[in-house]
Amino acid sequence: MFPLTSRLRFGLRYCTYTLSKRRSSQHHGICWYTTNYSRKLRGPTAQDVSYFRSILARPDKSVLDGTATHDVMDELQKYNIDWTKHYQGSSDLVLRPQTTSEVSSILKYCHENYIGITPQGGNTSLCGAATPISNEIILSMEYMKRIYKLDEYSGILTCDAGCILQSLHDYAKEAGYLFPLDIGSKGTCHIGGNVSTNAGGHHFFRFGGLHGTVVGMEVVLADGRVLRMNIDADDDNDDDCTHRFQYSSASLRKDNTGYDLKQLFIGGEGTLGIITKVAVACPSLPMSKNVALLVCKSYTDVLQVLKATKEELGETLSAIELIDWNTMKFVQEYGSGIGESLISELLSPGATNQPLFILVESQGCDPESDSKKMDAFLTGLYELSAIENGFLAQDSTQIEQIWGIRENCNPSVARAGFVHKFDVSIGIESYMEVAEEVRVALNTANLSNLTVCVWGHVADGNAHINIVSKQFDKDVATAERIENIVYSSVMKRRGSISAEHGIGQSKRKYMHQIKDGAVLELMSQMKNLFDPHSILNPGKYLPEN
């Protein structure tokens, strides 16, 4: 039923950028002030670099210093430019600590000396959250990548913040568990960055968000103090760490003693503290997985499919993803052959309309029963004329191919031109309504040379609206007009301008429009409490005033 055959081929094309080779002034100031407006933050000096070298166990590896030499400018480039190529900083110093105590010493010194810090994981942020504004120090977590343990009874995995998400998936799978967070950038992104931005991902509908799955956390505050919240890990003593994990659980599933402070750092984008370790509850690995890619002629049919998936697949339903026609065309053209034959069949040249594509995944513990349930579900959709076509994966390779199409949406549109990216949350009934309204508004504003693409986690109301210009250069005035059009459409429906990508640099100016004044005041007071000198990720998240 619903055969699928295709081959995966990989090959990526990237744009290259070059940092200007410049030497920072010894006291080059960052152009913002601390929360109490009493002192201006500054960039690092040669004296500061000497101090950092003295406290780090492996300074040759942990310190990337461009303050005194131009030889490392090419290496600094990857830290100063974000994945989207929309944001670029001018940091001359990258520190790569290997332990929590090193992070603590770094932050304590920067706090005392009013030096700005930009925390950075895999640098996959889509809103400039991990890119320096100016010449603050970049604190890279890439060398903090130890996985301590996955408790075989509780399923809680404890690890460093610098662990690449894919490595956690692999580790959990070997132990018979499924890591609950799954996103397209999992081969590059870090779990610390995922938690700091409260990433949602494909399986949010099934397993919930990180506010629920993160059960423990270690955080270093701006003044160097270390908070350990329901987590048992020690990266400073290997023997002691092994002993402690051998005879005790990593974290508790329930701990109702005091305020649940870790929740403040989930989605805080490193503005309140630096996450150094996390403990995440993992479900058992499913025994069966069924994935189908369905074709709907209208969004009305998509809503019918959504309702049917919840009714028919029930507790086995794990993901529902939407991809529109324009996005699928870009995946076909720029997706490096991923799902090539399937996409060609989906995008029939003789099609009179532009259908929508729905990826449905179920996971369960009874392969035979789960397979019959999916077959019955698809047959019912055909009988209701809710879908025009459907493709059911027959093995794990075909499952990877269908998911490969979905995960190639973002890189494909990025190769097509300059992308104005929006990550919004809206009522499910208005999911495509916003995109259509944006298309009309762009044409009315004489911006008709743009292509509006939509994909995302439709069951959560999370739409990734990407507006693509064939020119790779950003026009600031045009970008502002597009932002106003998209966000106006979202906000008038009482939606959110950030569903899972965060605020970063790109959205902070809208915070006054989307948050109540009393809420913003309390957020500012919390920032002042945790980071009174505002050294942590300055110029991000909170509005300027």
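Residues numbered from 1 in each chain as written. Predicted model: local features only at pLDDT ≥ 70, side-chain atom pairs only at ≥ 80, totals over all residues. Heavy atoms only, no water.

Participant: For this particular structure, what's the right way to read the packing of helix α17 (residues 431-444) against helix α18 (residues 476-491)?
Facilitator: In a packed pair of helices, the relevant descriptors are the angle between the two axes and the axis-to-axis distance. Contact geometry for α17 and α18: axes closest at 10 Å, N-to-C directions at 145 degrees. Between α17 and α18 lies a crossing whose hand is right-handed. Counting all contacts with α17, which are made through Val-434, Glu-437, Val-438, Ala-441 and Leu-442, the residues of α18 involved are Ile-482, Ile-485, Val-486, Ser-489 and Val-490. Here the residues of the contact of α17 with α18 sort into eight nonpolar, one polar and one charged. (Axes fitted to C-alpha atoms, helices over the stretch in contact; angles between N-to-C directions. Helix = DSSP H or I, 4+ residues; strand = E, 2+ residues; numbered from the N terminus. Left-handed = near helix turned anticlockwise from the far one by under 90°. Contact = heavy atoms within 4.5 Å. Nonpolar A, V, L, I, M, F, W, Y, C, P; charged D, E, K, R; others polar.)

Participant: Just checking my understanding: could you explain α18 for this structure?
Facilitator: Because an α-helix completes one turn every 3.6 residues, residues spaced three or four positions apart along the sequence face the same direction. Taking 1.5 Å per residue as the helical rise, α18 with its 16 residues ought to reach 22 Å, and the 22 Å between its terminal C-alpha atoms agrees with that figure. Along α18, the residues that are buried comprise Thr-478, Ala-479, Ile-482, Glu-483, Ile-485, Val-486, Tyr-487, Ser-489 and Val-490. Tucked into the core, α18 has its buried residues touching β16 (418-425), α17, β17 (450-457) and β18 (462-469). N-capping of α18 is provided by Asp-475, with a side-chain oxygen placed 3.2 Å from the backbone N of Ala-477. (Expected span 1.5 Å × (residues − 1). Buried < 20%, exposed > 50% of the residue type's maximum accessible area, 1.4 Å probe, protein only. Polar contact = N/O pair within 3.5 Å; in protein donor to acceptor, adjacent residues only side chain to side chain.)

Participant: When you look at the pairing of strand β8 (residues 156-160) in this model, what are you seeing that I'm missing?
Facilitator: Note on strand geometry: in a regular strand, side chains alternate between the two faces of the sheet. The buried fraction of β8 is high, at five of five residues. Alignment of strand β7 (residues 147-150) against β8, held across three bridges, turns out to be antiparallel. Within β8, the position partnered with Leu-150 by the bridge is Leu-157. Counting the residues between successive antiparallel strands, the hairpin from β7 to β8 contains five residues, one of them, Gly-155, with a positive phi of roughly 75 degrees. (Pairing = 2+ DSSP bridges.)

Participant: Mind showing me how you'd approach the confidence of the model for the chain here?
Facilitator: Segments scoring low in pLDDT should not have their predicted coordinates read at a detailed level. For the chain, the average pLDDT comes to 88, and 89% of its residues sit at 70 or higher. Note that pLDDT drops below 50 for residues 1-38; the model gives that stretch 112 contacts with residues more than four away or on any other chain. Within the model, the stretch residues 239-249 combines pLDDT values under 50 with 17 contacts to residues more than four positions away or in other chains. (pLDDT = per-residue confidence, 0-100.)

Participant: Would you mind showing me how to read the pattern of salt bridges here?
Facilitator: A side chain of one charge can pair with a side chain of the opposite charge when the charged atoms of the two come close. One pass over the structure, following the stated rule, counts 23 salt bridges. Across the salt bridge formed by Lys-186 and Glu-407, the nearest N and O atoms sit 2.9 Å from each other. Here Lys-186, found in the loop between α5 (165-174) and α6 (191-197), pairs with Glu-407, found in helix α15 (residues 396-407); they are 221 residues apart in sequence, far enough to count as distant. On the accessibility criterion, Glu-407 (24% relative accessible area) is partly exposed. Lys-373 is the partner of Glu-315 in a salt bridge, and the nearest nitrogen-oxygen pair spans 3.6 Å. Linking Glu-315 in the loop between α11 (299-313) and β13 (317-323) with Lys-373 in helix α14 (residues 367-383), this pair joins segments that are 58 residues apart in sequence. Here the residues in one salt-bridge network are Asp-160, Glu-218, Arg-228 and Lys-277, joined through shared partners. (Salt bridge = Lys/Arg side-chain N within 4 Å of Asp/Glu carboxyl O.)

Participant: How should the pairing of strand β11 (residues 274-281) be read in this particular structure?
Facilitator: Buried residues dominate β11, accounting for eight of its eight residues. When β8 meets β11, the two strands line up antiparallel, connected through five bridges. Its bridge partner lying in β11, Thr-158 is registered against Ala-279. Two elements, strand β9 (residues 214-220) and β11, share six bridges in a ladder whose sense is antiparallel. When the sheet's bridge partners are listed, Met-217 is paired in β11 with Val-278.

Participant: What exactly am I supposed to notice about the packing of aromatic side chains here?
Facilitator: Each aromatic ring pair is described using two quantities: the centre-to-centre distance and the angle formed by the ring planes. Counted by the stated rule, this structure contains eight aromatic pairs. A ring pair is formed by Phe-52 and Tyr-109, whose centres lie 5.3 Å apart and whose planes are at 75 degrees; its orientation type is edge-to-face. Separated by 57 residues along the polypeptide, Phe-52 in helix α1 (residues 46-55) and Tyr-109 in helix α4 (residues 100-113) bring together distant segments of the chain. For Phe-52, a relative accessible area of 0% translates into the label buried. On the accessibility criterion, Tyr-109 (13% relative accessible area) is buried. In textbook terms, an aromatic cluster arises when at least three aromatic residues are bridged by ring pairs, as seen for Tyr-51, Phe-52 and Tyr-109. (Phe/Tyr/Trp six-rings, centres within 6.5 Å; stacked < 30°, edge-to-face > 60°.)

Participant: What exactly am I supposed to notice about the environment of Gly-200 here?
Facilitator: Here Gly-200 is to be found in the loop between α6 and α7 (204-207). On the basis of relative accessible area, Gly-200 is assigned to the buried category, the value being 10%. For Gly-200 and Pro-180, which are 20 residues apart along the polypeptide, the C-alpha to C-alpha distance reads 9.8 Å. Excluding its chain neighbours within four sequence positions, the residues that come into contact with Gly-200 are Leu-181 and Glu-500.

Participant: I'm lost on the sheet that holds β8 in this one. Help?
Facilitator: Sheet strands pair via backbone hydrogen bonds, and the direction of the pair is either parallel or antiparallel. Taken in spatial order, the five strands make up an open sheet running β7-β8-β11-β9-β10, and their pairing is antiparallel. Two strands bound the open sheet, and with one partner strand each, they are β7 and β10 (226-229). Across the sheet, the mean angle from the axis of one strand to that of its neighbour is 10 degrees, orientation sign disregarded. Where α5 meets the sheet, it contacts β7 and β8, and its direction lies at approximately 35 degrees from that of β7.

Participant: So what exactly am I meant to see when it comes to the sheet that holds strand β6 (residues 137-140) here?
Facilitator: Ordered in space as β3-β4-β6-β5, the four strands form an open sheet in which the pairing is mixed. A strand with exactly one partner marks an edge of an open sheet, and here the two such strands are β3 (63-65) and β5 (117-120). In this sheet, adjacent strand axes meet at a mean angle of 20 degrees when their direction is disregarded. Sheet analysis places strand β4 (residues 93-95) next to β6, joined by two bridges and oriented parallel.

Participant: Would you take a moment to explain the environment of Val-291 for this structure?
Facilitator: As for its placement among the helices and strands, Val-291 is situated in strand β12 (residues 288-296). The class of Val-291 is buried, set by a relative accessible area of 0%. Val-291 sits 83 residues away from Met-374 along the chain, and the two C-alpha atoms are 8.8 Å apart. Those residues within four positions of Val-291 in sequence are excluded, and the remaining contacts are Leu-359, Val-360, Glu-361, Phe-391, Leu-392, Ala-393, Ile-399, Ile-402 and Trp-403.

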